[in-house]
Amino acid sequence: MFRFLYYWFVDRPLRFRLHVETPGGVATEYVVPASTLEQIHDRLAQRLQVPTESDTRPCSLSFRSGNEIAVMTLRTLERSAFRRTGISARETWARMFRRLRNRRTGTLILDLRGNSGGRVALVRDFVPYLLRAPRRGALYHETPPGGEPRAHRIPPPARDAFGGRWIVLVDEGTWSAGAQLAALTRELAGATLVGVETGGRRDGSTAGRHERVTLPNTRIEVRIPRWRFRFAGPPGQPGRGVLPDHEVEPALDAWLDGRDSALETLSLIHISEPTRPN
């Protein structure tokens, strides 16, 4: 929304001048062309269009350095996005983790950047691939409208659960169930989180059907989610998202050059020496 509000209420410049200074005191100036309102609308439409190409599927898997390193990009946890591909999320992950096991991949990079969440049930379906051994207890509690909390137990490990090294990429666009999955990868599989603080919290969220309420004085209409999901385990920091183990802010130079700052940084945490799965 910021881009629209700025355009409507602040200014409509032709360009922006950015002054960037490194911690060492080296200053650089960039002149960046401003987007027109039409360009903003076009980019928003592109982001909202139904995925059709292979690189915009809800989940994809690629390999680097032969079979040593795999990158799994999970863009959403919406069941409808998987349904459009003709393959369910469960079957998608079963096939992908079977490939990882057959190729004896040592390091898995799970890219959750921009994953704004979706169904908590899909988080539960992913958890078996994080587990090397059975765990007892609740995974999360679900409270329906007007009902009592219901516990969902931690599922058993999958046959093709990944036993190598997990590295998870997160950013401010990782929300809701996406942020909760990121936290679970660290708690259940010992994953290393790389990036910036997530937009969503670890503890849970409200979701599902909404109740529309009109405030009596302002007549403003608000929507209140009627379902509550609360994950078991250690609570997150109040008012904070999921914090990464290695903070990597997006670099302006990399963004201008179309490079991926987070993936470039992985070499600094010894990703070149993957751990063989058990």
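Residues numbered from 1 in each chain as written. Predicted model: local features only at pLDDT ≥ 70, side-chain atom pairs only at ≥ 80, totals over all residues. Heavy atoms only, no water.

Some remarks on the pairing of strand 10 (residues 204-214)
Let me state the cut-off plainly: Any two strands are treated as partners once DSSP identifies two or more bridges connecting them. Only runs of H or I of at least four residues qualify as helices and only runs of E of at least two qualify as strands under DSSP, and these elements are numbered from the N terminus.
The pairing of strand 10 with strand 11 (residues 221-231) spans nine bridges and is antiparallel. Looking at the pairing, A207 lines up with W227 of strand 11. Adjacent in sequence and paired antiparallel, strand 10 and strand 11 are bridged by six residues, among which R219 carries a positive phi angle near 65°.

Looking at the environment of A151
Just so we agree on the cut-off: The cut-offs for exposure are 20% and 50% of the maximum accessible area for each residue type, with area from a 1.4 Å probe on protein chains only; residues under the lower value are buried, those over the upper are exposed, and the others partly exposed. Contacts were defined at the residue level, with two residues in contact if any of their heavy atoms lie within 4.5 Å.
By secondary structure assignment, the location of A151 is in strand 7 (residues 150-153). Among the residues examined, A151 registers a relative accessible area of 36% and is labelled partly exposed. Distance in space between the C-alpha atoms of A151 and Y140 is 6.0 Å, their sequence separation being 11 residues. Those residues in contact with A151 that lie beyond four places of it in its chain are A138, Y140 and H141.

Side note on the sheet that holds strand 6 (residues 138-143)
Our working rule: Fitted lines through C-alpha atoms give the axes, limited to the stretch in contact for helices. The angle between two N-to-C directions lies from 0 to 180 degrees.
Strands sit in the order 7-6-11-10 across an open sheet of four strands; the sheet is antiparallel. Edge positions in the sheet fall to strand 7 and strand 10, since each of these pairs with one other strand and no more. Neighbouring strand axes in the sheet, compared pairwise and without regard to direction, differ in orientation by 30° on average. Across the sheet, helix 6 (residues 176-189) touches strand 6, strand 10 and strand 11, and the angle it forms with strand 10 is around 165°.

Things to note about the nonpolar core
Nonpolar side chains tend toward joint burial in soluble globular proteins. Here is the rule we go by: Joining through side-chain atoms within 4.5 Å is the link that ties buried Ala, Val, Leu, Ile, Met, Phe, Trp, Tyr and Cys residues into a set, and such a set is a nonpolar core.
By size, the foremost hydrophobic cluster in this structure holds 46 residues, and its most contacted members are M72, L74, W93, F97, F126 and W166. In terms of residue count, the dominant contributor to this core is helix 6 (eight residues). Apart from the residues within four sequence positions on either side, F126 is in contact with M72, L74, W93, F97, L110, W166 and L181. Among the nonpolar cores identified, the runner-up in size contains nine residues, and I69, I109, V248 and L266 belong to it.

Considering the side chain of T92
For the record, the criterion: Here a polar contact is taken to be a pair of N or O atoms separated by no more than 3.5 Å, where protein atoms must pair a possible hydrogen donor with a possible acceptor and residues adjacent in sequence count only if both atoms sit in side chains.
Considering the arrangement of structural elements, one finds T92 in helix 4 (residues 89-102). For T92, a relative accessible area of 11% gives the class buried. At 2.8 Å, the side chain of T92 and the backbone oxygen of S88 are in polar contact. In this structure T92 touches C59, F82 and I87, once residues within four positions along its chain are discounted.

With respect to the pattern of salt bridges
Filter applied, for reference: Here, a salt bridge means any Lys or Arg side-chain nitrogen found within 4 Å of an Asp or Glu carboxyl oxygen.
By the definition in use, this model includes 12 salt bridges. For E91, the salt bridge goes to R95, with nearest N and O atoms at 3.0 Å. Of the two residues, E91 and R95 are both situated in helix 4; the distance of four residues between them amounts to about one turn of the helix. Classification of R95 as partly exposed rests on a relative accessible area of 42%. With its nearest N and O atoms 2.9 Å apart, the salt bridge here joins E187 to R202. With E187 in helix 6 and R202 in the loop between strand 9 (192-195) and strand 10, the pair connects residues that are 15 residues apart, well separated along the chain. Exposure remark for E187: the relative accessible area of 31% places this residue in the partly exposed category.

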